[in-house]
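Coordinate inspection notes
Residues per chain, in single letters:
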Amino acid sequence: MLDYAKGIWMARYFWVHLMMSDLRARWRRSFFGIFWSMLQPLGLTILISIVFSRIFKSSIAEYAPYILSGVIIWEYIVFNVTGGALAFVQADAYIKQTRHPLAIYTLRNVLSGMIILALAGVSLIGWVLVVMPQNFGWCWLAALSVFPLIGMIVWPWATMMAYFSARFRDLPHALGLILQAIWFVSPVYFEASVFRNGNLHVLLDYNPIYHLLQIVRAPLLHGEWPTAANYLWCLAAAFILAGVTIVVGRRAEKRVIFYL
């Protein structure tokens, strides 16, 4: 395991180059460029908030930050998990010519997506400062911890999907349905009170997605520090996914090239 980690570090110039190439390709010949990372989630948030605020009889100004925080976190997860499922297939030319650890091909997506997540987070912070300035405080520093935590969760998850997808090419298509089911039972757009009022506490208390969202929402939207349970659930999810991925990787790492 230590040798594998050293291999990833030794290949750092290669996967950093791949990451930067992905970002340049994403914004090449675009008039707004990196600003699309803020404009796109903002536009989607406004459209969703107009409808949902009427359904739940909430103020758009206060409900929109809740939606926006869910949008940017969920889009990051979907981008990496679905993109990770295709990571080895799309990098088959590199894999056939080099002997770098395969996890670098999902790491490139995790890191490039992290930059997009940070840019989208600027729009969330700006909105909250305008409509909820009373929430500003030292607890906002806790929201920064979402970056390492979400990376620790998504990287092994995406890598595991990449191993399976190299062998079973139907997996990327099935992931759309699986992620849709996870979204449906998570408070991404729906407020947590909707689940609790429906006696669906289990979908919150035992859902790592909820706790991950709370690390952002508690400080920014409520002016509170995230709870220890929020961090414990996120860390538990990260360690479980990492453990499973390590076991899968040991069995599948050398076989991937034959599946490609």
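Structure's up top.
Anyway, here's the lowdown on the structure attached to this text. All of these numbers come straight from a predicted model, not from anything done at the bench.

**So, the overall build of the chain**
- Of regular secondary structure, the chain possesses 14 helices and zero strands.
- N-terminal to C-terminal, the α/β element order of the chain is α-α-α-α-α-α-α-α-α-α-α-α-α-α.
- Computed over the C-alpha atoms, the radius of gyration of the chain is 19 Å, within 12% of the 18 Å expected from 2.2 N^0.38 for a compact globule of 260 residues.
- Out of the 260 residues belonging to the chain, those deemed buried represent 47%.
- Taking the contacts inside the chain whose residues are at least 6 apart along the sequence as the reference set, 76% of them involve residues at least 24 apart.
- Within the chain, one finds 19 positive and 10 negative side-chain charges whose respective centroids are separated by 10 Å.

**Considering the packing of helix 8 (residues 146-167) against helix 13 (residues 228-252)**
- Two elements in contact, helix 8 and helix 13, have axes whose closest approach is 8 Å; the angle formed by their N-to-C orientations is 30°. Between helix 8 and helix 13, the angle falls in the class roughly parallel. For the crossing formed where helix 8 meets helix 13, the hand is left-handed. Each of Leu149, Met152, Ile153, Pro156, Trp157, Thr159, Met160, Tyr163 and Phe164 in helix 8 lies in contact with helix 13, whose residues at this interface are Tyr231, Cys234, Leu235, Ala237, Ala238, Leu241, Ala242, Val244, Thr245, Val248, Gly249 and Ala252.
- Grouping the constituent residues of the contact of helix 8 with helix 13 by class yields 18 nonpolar, three polar and no charged.

**Looking at the side chain of arginine 217**
- Within the secondary structure, arginine 217 sits in helix 12 (residues 208-222).
- A polar contact of 2.7 Å, which involves the side chain of arginine 217, links it to the backbone oxygen of proline 187.
- In this structure, arginine 217 is in contact with Tyr66, Ser69, Gly70, Pro187, Val188 and His222, ignoring residues within four places of it in sequence.

**Some thoughts on the packing of aromatic side chains**
- Scanning the model with the defined rule gives six aromatic pairs in all.
- Ring geometry for phenylalanine 14 versus tyrosine 105: centroids 6.3 Å apart, planes at 85°, classification edge-to-face. Residue phenylalanine 14 is found in helix 2 (residues 12-27), and its partner tyrosine 105 is found in helix 7 (residues 104-131); the two are separated by 91 residues along the sequence.
- Pairing tyrosine 206 with tryptophan 233 gives two aromatic rings, centres 5.7 Å apart and planes at 80°, and the pair type is edge-to-face. With tyrosine 206 in the loop between helix 11 (202-205) and helix 12 and tryptophan 233 in helix 13, this pair connects stretches of sequence that are 27 residues apart.
- We classify tyrosine 206 as exposed; its relative accessible area is 54%.
- Following the ring pairs from residue to residue traces out a cluster consisting of Phe14, Tyr94 and Tyr105.
- Lying over the aromatic face of phenylalanine 168, arginine 167 brings its terminal NZ or CZ to 5.2 Å of the ring centre.
- For arginine 217, the ring lying beneath its charged end belongs to tyrosine 66, and the centroid distance is 3.6 Å.

**Thoughts on helix 12**
- The terminal C-alpha atoms of helix 12, which comprises 15 residues, lie 20 Å apart, in line with the 21 Å expected from a rise of 1.5 Å per residue.
- The largest bend along helix 12 measures about 35° and falls at glutamine 214.
- In terms of burial, helix 12 is largely enclosed, as 13 of its 15 residues are buried.
- The N-terminus of helix 12 is capped by asparagine 207, whose side-chain oxygen sits 2.9 Å from the backbone nitrogen of isoleucine 209.
- Where helix 12 terminates, the next one or two residues include glycine 223, which has phi positive at roughly 65°.

**A word on the layout of surface pockets**
- In this structure, the largest pocket spans a volume of roughly 950 Å³.
- In terms of lining residues, the largest pocket is bounded by 31 residues, among which Tyr4, Pro101, Leu102, Tyr163 and Glu253 are the most central.
- Among the secondary structure elements, those contributing two or more residues to the lining of the largest pocket are helix 1 (2-10), helix 6 (92-97), helix 8, helix 13 and helix 14 (256-259).
- Considering each element in turn, the lining of the largest pocket owes the most residues, seven residues, to helix 13.
- Residues of the lining of the largest pocket, tallied by class, amount to 19 nonpolar, six polar and six charged.

**Regarding helix 2**
- With 16 residues, helix 2 extends 23 Å from end C-alpha to end C-alpha; this agrees with the ideal 22 Å at 1.5 Å per step.
- Listing the buried residues of helix 2 in full gives Phe14, Trp15, Leu18, Met19, Leu23 and Trp27.

**Here we look at the nonpolar core**
- Ile73, Ile77, Ile150, Trp157, Met161 and Leu212 are the most contacted members of the largest nonpolar core, which has 48 residues in total.
- Going through the elements one at a time, helix 4 (60-85), helix 7, helix 8, helix 9 (171-184), helix 12 and helix 13 are the ones with two or more residues in this core.
- Broken down by element, this core gets its largest block of residues, twelve residues, from helix 4.
- Excluding residues that lie within four positions of it along the chain, isoleucine 150 makes contacts with Ile73, Tyr76, Ile77, Met114, Leu117 and Leu212.

Quick notes on the rules
Residues numbered from 1 in each chain as written. Predicted model: local features only at pLDDT ≥ 70, side-chain atom pairs only at ≥ 80, totals over all residues. Heavy atoms only, no water. Helix = DSSP H or I, 4+ residues; strand = E, 2+ residues; numbered from the N terminus. Rg over C-alpha atoms; globule rule 2.2 N^0.38 Å. Buried < 20%, exposed > 50% of the residue type's maximum accessible area, 1.4 Å probe, protein only. Contact = heavy atoms within 4.5 Å. Lys, Arg positive; Asp, Glu negative; His and termini not counted. Charge placed at Lys NZ, Arg CZ, Asp CG, Glu CD. Axes fitted to C-alpha atoms, helices over the stretch in contact; angles between N-to-C directions. Parallel < 35°, antiparallel > 145°, perpendicular 65-115°, else oblique. Left-handed = near helix turned anticlockwise from the far one by under 90°. Nonpolar A, V, L, I, M, F, W, Y, C, P; charged D, E, K, R; others polar. Polar contact = N/O pair within 3.5 Å; in protein donor to acceptor, adjacent residues only side chain to side chain. Phe/Tyr/Trp six-rings, centres within 6.5 Å; stacked < 30°, edge-to-face > 60°. Lys NZ or Arg CZ within 6 Å of the ring centre and 35° of its normal. Expected span 1.5 Å × (residues − 1). Bend = angle between axes of the 7 residues up to and from the residue. 1 Å grid on protein atoms, 1.4 Å probe; cavity = no way out; pocket = protein on both sides within 12 Å on 5 of 7 lines; lining within 4 Å. Points joined across faces, edges and corners; volume = space filled by probe spheres on them. Core = buried A, V, L, I, M, F, W, Y, C linked by side-chain atoms within 4.5 Å.

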